[in-house]
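The chain contents come next:
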Amino acid sequence: EAQPDLGVDLLGMVEGWIQEMTADGDTTRRLCDDLAKQMGELISQAQQERLLTEAVRPERSLRNDAITHQADQRRQALLDGLVDFCEQMSKGNGTADEKSQELVELLFMSP
């Protein structure tokens, strides 16, 4: 009560922190939504490929096996990237812009 300027300054600081936390929360929510969308697309793609695989004759050529192997490697690389991204998000490494850029790169890496 004796120093009202100090109280006003503290309230201003708290207000700034709240705004920063709100912005960080919005960014995190957006990134999580993007990640959930990408995971849903990956699941749909895997289900479609499984249905196609079941419909194909069991006697596949070596060429088809090589193509399937390459697609599997691309999917695995995408999943590994998503896991790394999630770990970085949970640790809080990097800025929101860096995290956004990395997520965009992961999304466009998908086959």
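Residues numbered from 1 in each chain as written. Predicted model: local features only at pLDDT ≥ 70, side-chain atom pairs only at ≥ 80, totals over all residues. Heavy atoms only, no water.

A.B. asks: Where do I start with the overall build of the chain in this structure?
C.D. replies: The secondary structure content of the chain amounts to 3 helices and 0 strands. Seen in sequence order, the chain has helices and strands lined up from the N terminus as α-α-α. Counting across all 111 residues of the chain, residues that qualify as buried make up 14%. Across the chain, the fraction of contacts at a sequence separation of at least 24, relative to all contacts at a separation of at least 6, is 76%. Of the roughly 8,600 Å² that the chain leaves accessible, carbon and sulfur atoms contribute 57%. (Helix = DSSP H or I, 4+ residues; strand = E, 2+ residues; numbered from the N terminus. Buried < 20%, exposed > 50% of the residue type's maximum accessible area, 1.4 Å probe, protein only. Contact = heavy atoms within 4.5 Å. Areas by Shrake-Rupley, 256 points an atom, 1.4 Å probe, with all protein chains shown as cover.)

A.B. asks: Mind showing me how you'd approach a nonpolar patch on the surface here?
C.D. replies: Residues Leu6, Leu10, Met13, Val14, Trp17, Ile18 and Met21 make up a contiguous nonpolar surface patch of about 700 Å² in total accessible area. Mapped onto the elements of the fold, leucine 10 is located in helix H1 (residues 4-55). (Patch = residues over 30% accessible without salt bridge, like charges linked within 9 Å, V, L, I, M, F, W, Y side chains within 5 Å. Salt bridge = Lys/Arg side-chain N within 4 Å of Asp/Glu carboxyl O.)

A.B. asks: Looking at this model, I keep getting lost on the confidence of the model for the chain. Mind explaining?
C.D. replies: Close inspection of predicted coordinates is inappropriate for parts of the model with low pLDDT. The predicted model of the chain averages 77 in pLDDT, with 68% of residues at 70 or higher. Within the chain, the lowest mean pLDDT, 65, falls on helix H3 (residues 96-109), and the highest, 89, falls on H1. (pLDDT = per-residue confidence, 0-100.)

A.B. asks: Teacher, can you tell me more about H1 here?
C.D. replies: Counting along an α-helix, one turn takes 3.6 residues, and residues three or four places apart therefore face a common direction. Given a rise of 1.5 Å per residue, 52 residues ought to cover 76 Å, and the 76 Å separating the end C-alpha atoms of H1 matches this to within 8%. Of all the residues in H1, the buried ones are Thr27, Leu31, Leu35, Gln38 and Leu42. (Expected span 1.5 Å × (residues − 1).)

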